[in-house]
Structure formats: structure tokens, C-alpha cells
Amino acid sequence: MKTIRVMVPTYNEEDNVEAMADAIREEFKKNLPNYKYQIMFVDNKSKDKTREIIRKLCAEDHNIRAIFNAQNFGQFNSPYYGMIENEECAATVTICADFQEPVEMIHKFVSEWEKGYKVVVGVKSKSKEHGLIKLFRKIYYKLSKRWSSVQFIEQYTGFGLYDISFTRLLKQIDDPIPFIRGIVVEYASEIKTIEYTQQKRRAGKSSNNFWSLYDGAMWSFTTYTNILPRMAGVLGAIFSFLTFIATITLIVLGFVLPNFGFFWTGIAILSFFSSLNLFFIGMIGEYILTINKRVKHRPLVIEEERINFEYKAEDYDSLF
């Protein structure tokens, strides 16, 4: 009997973790009776009672495991680390703890996986998130697909099933700042997508904000695109030439036409090109930050504690 692992990253999800564990177990009981389940929570240094509840769940059910990170290592590193920590289960399903991703999708993922797909991912066809966030997200995916060196899957956030052969490949990549949405389309030979409707959070408040979303967007742009620094170089050359022409023109007009607004026109032109210059310096800075993180090559996460890892998948039947 194959064991499917469900990896659930958590951060301040005290109102959701127990309900999520119950929902996953019910999904296997109802729709996947011929499979064993393993649930693994990867907690990113929660500040509420999330860890306390996870400890209780692990004590009650040895099919439930936990990795507690020593610090908050971000919304990308921690889930990625949870994905690659698998050497015994046939496949790993990743799902968030907030119930925005339907637990009922798990058996659909497994069904496509059994047909031979090594990676089966969920794609949001509808979303109940705020309209402005939805618009920004749509623009982000459009720009990513147009500019990146890989073909990003629109409305894919990492929710899906990954065969053990693929998660072993992820471990070999050894990227200190992995971006799973890009790595999947870059390395997976064949991907099956299944549409779903994203729900509202069951409880609690999302830790995502403008800056975390911006960080994720810049991470993908600086990892998979060269368009911004190249655009800076091309536009810099063009505007340098235009600025030179404008400067000569202003000097000539200033002498020929005594009442010509030489000073204020020059200030306006200078301000425009200065702001453009600052924008591209900022974008190049984002690339430098990404390079800096990769050069440091620090660990994905540092663990504080593991729970129930002494039990193996083949032992589950004898335990329960």
C-alpha cells in the first residue's frame, strides 16, 4: 500500500491546524482508502499556540509528523524544505493550512499521478480574494510569462502533488533561495494542471502583505528574467542621447530667445531622467540582493525540533 505524504506549512495557524489534520484524514478515509497517509507540519516559528496544537496531534497520531524551524525562514524556503524532506513516501502533496486550497483536490491529484504524471498541480480558475490583489496577481503572471526564461503556470502557487523522484531532484538542486513556481516548470518533464476555486481563509489572518508579495515577485523576476537590467541599458543609452540633444537645444534656445524658460524646462527634463535612473538602479539592486543571498549559500532552514520521525511508513499499520 502506497503512502502519500501531505506537507502543511504553518505560521500562526492555531485556528486551522487541527481542522486541517481532520480534513486530510477524512479525505483519505473517504476517497483514498487504498493509500496510507502521512501528515507533516512544517512550522515557521509561530508565535501563537500552533506548535502546542501540533504537538497534541503528533501525540495522538503517529502518522502526523512535525518540523519546527528555529526561526522564520520565509514563505518560500520553509515549504520547499518540507517538500524535499521525503525519502519514504511515494509522493508529497503540499497544501496551505488556511483551507483556501480545497482538501478535496488531493484524491484528484493522486488519480492523475497514478496515470503517470510526476507533477500534478492546482491552478486557480476562480478566487475569492480582494479584487485589487487579484488584478496585481494577474499582471504579475502576465509579465512573468512574457519576460521570464521559463513558461510560468498562471495562478499556480505551489499547491499540488510531487512524485518522490521529483522531490529528490529538488533536493539535488541545492538552491539556497528556491522559487518553486519557477523550478517546477524548469525541471518537470510533464506537468498536469487541475483547476480549482480558491476559497476564503477558514480562520485567522494571512501573514502575507504588500511587502511579502512584492518580495516574491522580485524573487521570481531576478531569478528567471534578464529584462530589467537589459532594459535599463538600452533605455539608458537612448535617453542619454535624447538628453544630450535636449541640452544642446535648450542652450541654443536660451541664447536665441531671451524669454525662453531655459531654467525650468531644464529642471523638468533633469527630474524626469533622474527618476528614471533611480528606478533602474533600484531594479539592479534587486538583482544584486538575489546574487548576494545565493553567494552566501546559507541553509534553507535550521531545525529546532522534529517529532515522530522515528516511525517509518511501513510501521503505520502495526501502530494503528
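Fair warning: this is a prediction, and the values are worked out from it, not measured in the lab. (Residues numbered from 1 in each chain as written. Predicted model: local features only at pLDDT ≥ 70, side-chain atom pairs only at ≥ 80, totals over all residues. Heavy atoms only, no water.)

Trainee: How would you sum up the overall build of the chain? Please name residues and give values.
Mentor: Within the chain one finds 11 helices and eight strands. Contacts spanning at least 24 positions in sequence make up 84% of the contacts within the chain whose residues lie at least 6 apart. Looking at the chain as shown, the accessible area adds up to about 16,800 Å², and 58% of this sits on carbon and sulfur atoms. (Helix = DSSP H or I, 4+ residues; strand = E, 2+ residues; numbered from the N terminus. Contact = heavy atoms within 4.5 Å. Areas by Shrake-Rupley, 256 points an atom, 1.4 Å probe, with all protein chains shown as cover.)

Trainee: Please give an account of the pattern of salt bridges that cites residues and values.
Mentor: As enumerated under the stated definition, the model contains 15 salt bridges in all. A salt bridge links Lys2 to Glu114; the shortest N-O distance between them is 3.1 Å. Here Lys2 is found in the segment before β1 (3-10), whereas its partner Glu114 is found in helix α4 (residues 106-114), with 112 residues between them in sequence. By relative accessible area, Lys2 is classed as partly exposed at 39%. (Salt bridge = Lys/Arg side-chain N within 4 Å of Asp/Glu carboxyl O. Buried < 20%, exposed > 50% of the residue type's maximum accessible area, 1.4 Å probe, protein only.)

Trainee: Describe the packing of aromatic side chains, naming the residues involved and giving the relevant values.
Mentor: Between two aromatic rings, the relevant description is the distance of the centres plus the angle of the planes. Tallied over the full model, the rule gives five aromatic pairs. Taken together, a centroid distance of 5.5 Å and an interplanar angle of 55 degrees make the contact between Phe76 and Phe179 tilted. Of the two residues, Phe76 is situated in helix α3 (residues 74-84) and Phe179 in the loop between α6 (164-173) and α7 (180-187); the sequence distance between them amounts to 103 residues. Each ring, one from Tyr162 and one from Phe166, has its centre 6.2 Å from the other, and the planes form 20 degrees; the classification is stacked. In this pair, the class of Tyr162 matches that of Phe166, namely buried. By the ring-pair criterion, three or more aromatic residues cluster together here, those being Phe109, Phe159 and Tyr196. One residue, Arg65, lies across the ring of Phe309, its end atom 4.7 Å from the ring centre. (Phe/Tyr/Trp six-rings, centres within 6.5 Å; stacked < 30°, edge-to-face > 60°. Lys NZ or Arg CZ within 6 Å of the ring centre and 35° of its normal.)

Trainee: If you had to explain the environment of Arg5 to someone new, which residues and values would you point to?
Mentor: Examined against the element boundaries, Arg5 turns out to sit in strand β1. Judged by its relative accessible area of 0%, Arg5 is buried. Remark: the alpha-carbon pair of Arg5 and Ala90, spanning 85 residues in sequence, is separated by 7.8 Å. If sequence neighbours within four positions are ignored, Arg5 has contacts with Gln38, Met40, Gly82, Met83, Glu85, Asn86, Cys89, Ala91, Thr92 and Val93. Within the local environment of Arg5, its side chain forms a polar contact with the backbone oxygen of Glu85, the two atoms lying 2.5 Å apart. Polar side-chain contacts of Arg5 include one of 2.9 Å to the side chain of Thr92. (Polar contact = N/O pair within 3.5 Å; in protein donor to acceptor, adjacent residues only side chain to side chain.)

Trainee: Give a detailed account of the environment of Cys96, specifying residues and quantitative values.
Mentor: Its location among the elements puts Cys96 in the loop between β4 (91-94) and α4. When the C-alpha positions of Cys96 and Asn16 are compared, they lie 9.9 Å apart, and in sequence the two are 80 residues distant. Apart from residues no more than four positions distant in its own chain, Cys96 is found in contact with Val8, Met20 and Glu101.

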